[in-house]
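Residue-level structure breakdown
What follows is the residue order along each chain.
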Amino acid sequence: MAEIINGKELAKEIRLNLKEIVEKENLSPKLAVILCGDDEASKVYVRNKSKACDEVGIEFEEFLLPSTTTQKELLDLIDKLNQDKEIDGILLQSPIPKGLNIEEAFEKIRPEKDVDGFNPYNVGKLCIGEDGFIPCTPYGIMKMFEKYNINLEGKKAVIVGRSNIVGKPMAQCLLSKNATVTICHSRTKDLKEELKDADVVIAAVGKRNVIKADMIKEGAVVIDVGMNRNDEGKLCGDVDFEEISEKASFITPVPGGVGPMTVAMLMENVVKACKNK
Ligand code: NDP
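Read on for a plain summary of the structure.

Thresholds, definitions, all that
- Here the residue index of a chain counts from 1 through its sequence in written order.
- With the structure being a predicted model, the display of local features is reserved for residues of pLDDT at least 70 and the display and counting of side-chain atom pairs for 80 or more, all residues being used for whole-chain, interface and lining totals.
- Computation of side-chain values: all heavy atoms of the structure, hydrogens and water removed.
- Think of it in three bands: residues with accessible area under 20% of the maximum for their type are buried, residues over 50% are exposed, and the middle band is partly exposed, with areas taken using a 1.4 Å probe on protein chains only.
- A helix here means a DSSP run of H or I that spans at least four residues, while a strand means a run of E at least two residues long, and both kinds are numbered starting from the N terminus.
- When DSSP finds two or more bridges between two strands, those strands count as paired.
- In this description, contact between two residues means that some pair of their heavy atoms is separated by no more than 4.5 Å.
- Pairs of N or O atoms within 3.5 Å make up the polar contacts considered here, provided that, within protein, one atom can donate a hydrogen while the other can accept it, and that residues adjacent in sequence are counted only when both atoms are side-chain atoms.
- Pairing of aromatic rings covers Phe, Tyr and Trp, the last through its six-membered ring, and needs centres within 6.5 Å; plane angles under 30 degrees mean stacked, over 60 mean edge-to-face, and all others mean tilted.
- Lysine NZ or arginine CZ positioned within 6 Å of the ring centre and within 35 degrees of the ring normal marks a charge as sitting over the ring.
- By convention a nonpolar core is built from buried Ala, Val, Leu, Ile, Met, Phe, Trp, Tyr and Cys residues, the set being connected through side-chain atoms within 4.5 Å.
- For helices, the axis comes from a line fit to the C-alpha atoms of the stretch in contact; other axes are also lines fit to C-alpha atoms, and the angle between any two N-to-C directions lies between 0 and 180 degrees.
- Each helix crossing is assigned a hand: it is left-handed if the near helix lies turned anticlockwise from the far helix by less than a right angle, otherwise right-handed if that turn is clockwise.
- Gly is put with the polar residues, along with every residue not named as nonpolar or charged; the nonpolar set is Ala, Val, Leu, Ile, Met, Phe, Trp, Tyr, Cys and Pro, and the charged set is Asp, Glu, Lys and Arg.

1. Topic: the pairing of strand S7 (residues 200-203)
The two faces of S7 match: Val200 and Ile202 on one face and Val201 and Ala203 on the other face are all buried. Direction of pairing for strand S5 (residues 156-160) relative to S7: parallel, over a ladder of four bridges. Note that in S7 the partner of Val160 across the bridge is Ala203. The sheet contact formed by S7 and strand S8 (residues 221-224) spans four bridges and is parallel. Paired with Val201 across the bridge in S8 is Val222.

Below is the structure:
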């Protein structure tokens, strides 16, 4: 039976540590969040980030833009926030309305305020192993490995999903710990074959039950990034938790695994940006 990695608990511990740092060092970190359009899930994520900011002692300011916003208006707002000395971190909540170019917007955020780590400068820093801002989801997963003493050296890690926000930066993080990394995606010929000797599996697909127990090696570490809804509308991940937890050595639940860690690492990045200032 797998040990459940308790992301909720660890995230709380991280927030409390950060709160202590903010108080002890007399910091006044501030995060600006841009929410563009009316994606319902995004509103929930932004609310969770706001709550976490409150807990840590980070000032939170939300900028709501309508779905009719033009690219220029979005870039102008980012420019204004870039120049605002009070603001340490800028986060553009994705997705943004169709027709807007999110990559150009990420590029506009000054690297020192890019607490999501999506600006190409920070992406490059992660690739060459220099200190910058690491995207919050892979960063949170690395913290989980550390907390649970999961050694990655020489391990075969398979990531399912190649997005810029999860899959690709995850690969860089795992490489930096000397894992041997494979990235799978929708055109991978035989996912089961790729997964069969994986010591570590990271599922970041966004499809319920895409990873089943017969695809996983006995004793594998299974990290479920996916956030999906089941037929009853309940939150669930990409992996078949019930069956895989019988086989894996460690597994993250959904909810209570990767999700809270992503928010906690955002808090850590904002405090870091404030200290760097
Ligand atoms: P994307 O949609 O950007 O990427 C999904 C990836 O999965 C793509 O690379 C896609 O391949 C691949 N894929 C799709 N179908 C299959 C398949 N059948 N077999 C193998 N690969 C497949 O999603 P994100 O990376 O943004 O997010 C993934 C999931 O993680 C979502 O559920 C999202 O909600 C969740 N998420 C959770 C976070 C958290 O904090 N817990 C944070 C961020 C995301 P291709 O590239 O070929 O299209």
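On we go from here.
2. Examining the environment of Lys125
Tracing the backbone through its elements, the reader meets Lys125 in helix H5 (residues 120-128). The buried category is assigned to Lys125, whose relative accessible area is 18%. With residues up to four places along the chain from it excluded, the contact list for Lys125 reads Glu130, Asp131 and Gly132. One polar contact links the side chain of Lys125 to the main-chain carbonyl oxygen of Asp131, over a distance of 3.3 Å.

3. Re the packing of aromatic side chains
Evaluation of the coordinates by the stated rule reveals two aromatic pairs. Note on Tyr148 and Phe250: the rings are 6.1 Å apart at their centroids and 75° apart in plane angle, and the pair reads as edge-to-face. One end of the pair, Tyr148, is in the loop between helix H6 (136-147) and S5; the other, Phe250, is in strand S11 (residues 250-251), and 102 residues separate them in sequence. Here the basic side chain of Lys272 rests over the ring of Phe133, its NZ or CZ set 5.3 Å away from the ring centre.

4. Some details on the sheet that holds S11
Read from one edge to the other, the open sheet built from six strands follows the order S1-S11-S8-S7-S5-S6, with strand pairing classed as parallel. Across the chains shown, the open sheet's two edge strands, defined by having one partner strand only, are strand S1 (3-4) and strand S6 (180-184). Sheet topology note: the S5/S6 ladder contains five bridges and is parallel. Bridge assignment links Val158 to a residue of S6, and that residue is Thr182.

5. Topic: the side chain of Gln93
Looking at where Gln93 falls in the secondary structure, it is placed in the loop between strand S4 (89-92) and helix H4 (102-108). Contacts of Gln93, omitting those with residues within four sequence positions, involve Ile34, Leu35, Ser42, Tyr45, Val46 and Lys49.

6. Looking at the nonpolar core
Soluble globular proteins tend to bury their nonpolar side chains together. Within the largest apolar cluster, 54 residues are counted, with the highest numbers of intra-cluster contacts made by Leu31, Phe145, Met170, Leu174, Ile202 and Met267. Looking at this core, the element that brings in the most residues is helix H10 (residues 258-276), giving eleven residues. Apart from residues no more than four positions distant in its own chain, Leu31 is found in contact with Cys53, Ile58, Glu59, Phe60, Glu61, Gly89, Ile90, Leu91, Val115, Leu266 and Val270. One finds Cys36, Leu77, Leu92 and Leu100 within the second-largest nonpolar core, a separate group that totals 20 residues.

7. A look at the sheet that holds strand S3 (residues 59-65)
Adjacent strands of a sheet form backbone hydrogen bonds with each other and so pair up, either parallel or antiparallel. Overall, parallel pairing links the three strands, which are arranged S3-S2-S4 in an open sheet. What marks the edges here is a single partner per strand, and that holds for S3 and S4. Between one strand axis and the next, the sheet turns through 20° on average, direction left out of account. Of the pairings in the sheet, the one linking strand S2 (residues 30-36) to S4 comprises four bridges and is parallel in character. Bridging across to S4, Ala32 finds its partner in Ile90. Together, S2, S3 and S4 form the strand contacts of helix H3 (residues 71-83), whose direction differs from that of S2 by roughly 175°.

8. Overview of the packing of H6 against helix H7 (residues 167-176)
A packed helix pair is summarised by two numbers, namely the angle formed by the two axes and the spacing between the axes. Between H6 and H7, the shortest axis-to-axis distance is 9 Å and the interhelical angle comes to 35°. Viewed along their axes, H6 and H7 form a crossing whose handedness is right-handed. Facing H6, whose interface residues are Pro138, Ile141, Met142 and Phe145, H7 presents Pro169, Met170, Cys173 and Leu174. Split into classes, the residues belonging to the contact of H6 with H7 amount to eight nonpolar, no polar and no charged.

9. Remarks on the environment of Cys53
Among the secondary structure elements, Cys53 is positioned in helix H2 (residues 40-56). Cys53 sits in the buried class, given a relative accessible area of 0%. Along the backbone, Cys53 and Lys19 are 34 residues apart, and their C-alpha atoms lie at a distance of 9.5 Å. Excluding residues that lie within four positions of it along the chain, Cys53 makes contacts with Leu31, Ile58, Phe60 and Met267.

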